[in-house]
Amino acid sequence: MGRTRRGRWYGRAGAAEPGLGECVRRWWPFAVGALAATGLLLGAYLWAPRKSGAAVASPGAALRDSARPDAGVPSAGPMASYTTRFQPGQPRVRNIELAAQALDGQVVRPGATFSFNKVVGPRTRRLGYVPAPAIMGSRLVKDVGGGICQVSTTLFNAVFRAGLDIRKARAHTMWMPEYPEGREAAVAYPNLDFTWKNDTRAPVRIQVGYTGDSLTVSLWGHRRYEVRSRTSKRYGFSPYETGVGHGQRCVPMAGRKGFKIDVWRTLLAAGRQVRREKFHTEYRPQPEVTCL
């Protein structure tokens, strides 16, 4: 509350100074009004809503995420979280940031199905996306919006851990070290999508935070199942070939063998198995490519 400035009262020259009763009669309306205004201002200050829960970045980290992870989800708790990493300073980082911003704060109501492509939308230059390496078949090529699959894959793993109903997800044709084997979701607008259903009785809120070299997706709501998972060893290896690429879209590649892998997810309620799912993935060999 601000300080009140005091002043003196001056009469006209030669006029008699008024008595105490006269001062009271003249000034009591102003005094009462000032006290009422002060009370209103003090009440507004004390009862004004305060922002809470704002994320704080560690020194040197440019963390960006929503201020209140439980906003829009009454009595929500953490369901699951997952973090992936990437090389800083690459063009794909810009695409990751744009998709993360579109995803952050989304609320999926009970019984609703979430569509990654519907929420994030088309990846075009007009919307700020830039060319970056993207998987097309058995090659890496520069394409507008390249790298956005890091966002869909990070979300996939948070959904996987939360025990939510995965409706549509397809792995990349080649395995990339940034992603866990057999647990990923490739996307390409508008046909190749990642969808999942909120099969709980409460809303699920998506919180996305990122730094210069990491991306984290957290889900807030009410967990329905306990989740256990197991991943097989790689098997069914296939050799890679060598090749030459031309043009500005060419991306040099180190050769990597193809392989098969299986992931199982078991959902439990009160210690009893409700459902067991198998995710089978066959990765193509990654050719060794030299760009000319």
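Attention here is on the structure that accompanies the text. (Residues numbered from 1 in each chain as written. Predicted model: local features only at pLDDT ≥ 70, side-chain atom pairs only at ≥ 80, totals over all residues. Heavy atoms only, no water.)

**Some points on helix H2 (residues 92-103)**
With 12 residues, H2 ought to run about 16 Å at 1.5 Å a step, and its terminal C-alpha atoms sit 17 Å apart, in line with that. Those residues of H2 not exposed but buried are Arg92, Val93, Asn95, Ile96, Leu98, Ala99, Ala100 and Leu103. Phi turns positive, to about 90°, at Gly105, one or two residues after H2. (Helix = DSSP H or I, 4+ residues; strand = E, 2+ residues; numbered from the N terminus. Expected span 1.5 Å × (residues − 1). Buried < 20%, exposed > 50% of the residue type's maximum accessible area, 1.4 Å probe, protein only.)

**Details of helix H4 (residues 149-162)**
When the terminal C-alpha atoms of H4 are compared, their 20 Å separation across 14 residues agrees well with the 20 Å that a helix rising 1.5 Å per residue should span. Of all 14 residues in H4, 13 are buried; the element is thus mostly enclosed. A positive phi of about 80° marks Gly163, the residue just after H4.

**Description of the sheet that holds strand E3 (residues 113-115)**
If you walk across this open sheet you meet the three strands as E3-E7-E6, and the pairing is antiparallel. Each edge of the sheet is formed by a strand with only one pairing partner; in this case those strands are E3 and strand E6 (165-168). Averaged over all pairs of adjacent strands, the angle between strand axes in this sheet comes to 25°, irrespective of strand direction. For E3 and strand E7 (residues 195-197), the ladder comprises three bridges, and the chain directions are antiparallel. Its bridge partner lying in E7, Phe114 is registered against Trp196. In the packing of H4 onto the sheet, contacts are made with E3, E6 and E7, and the angle to E6 comes to roughly 140°. (Pairing = 2+ DSSP bridges. Axes fitted to C-alpha atoms, helices over the stretch in contact; angles between N-to-C directions. Contact = heavy atoms within 4.5 Å.)

**A look at the layout of surface pockets**
Taken as a whole, the largest pocket holds about 840 Å³ of empty space. Looking at the largest pocket, it is lined by 37 residues, and the ones nearest its centre are Pro133, Ala134, Ile135, Gly146 and Gly147. When contributions to the lining of the largest pocket are tallied by element, the ones reaching two or more residues are strand E4 (131-136) and strand E5 (139-144). Take the lining of the largest pocket: its biggest share by element is four residues, from E4. (1 Å grid on protein atoms, 1.4 Å probe; cavity = no way out; pocket = protein on both sides within 12 Å on 5 of 7 lines; lining within 4 Å. Points joined across faces, edges and corners; volume = space filled by probe spheres on them.)

**Observations concerning the pairing of strand E8 (residues 204-210)**
Burial runs high along E8: seven of the seven residues are buried. In this sheet, E8 lies alongside strand E2 (residues 107-108) in antiparallel orientation, the contact comprising two bridges. Note on E8: the bridge partner recorded for Val107 is Arg205. Joining the antiparallel neighbours E8 and strand E9 (residues 214-221) is a turn of three residues.

**Re the packing of H2 against H4**
In contact at an axis separation of 8 Å, H2 and H4 are set at 45° when each is read in the N-to-C sense. The pairing of H2 with H4 is recorded here as oblique in orientation. In this structure, H2 uses Arg92, Ile96, Ala99, Ala100 and Leu103 to contact H4, whose residues at the interface are Gln150, Val151 and Leu155. Classifying every residue of the contact of H2 with H4 by side-chain character gives six nonpolar, one polar and one charged. (Parallel < 35°, antiparallel > 145°, perpendicular 65-115°, else oblique. Nonpolar A, V, L, I, M, F, W, Y, C, P; charged D, E, K, R; others polar.)

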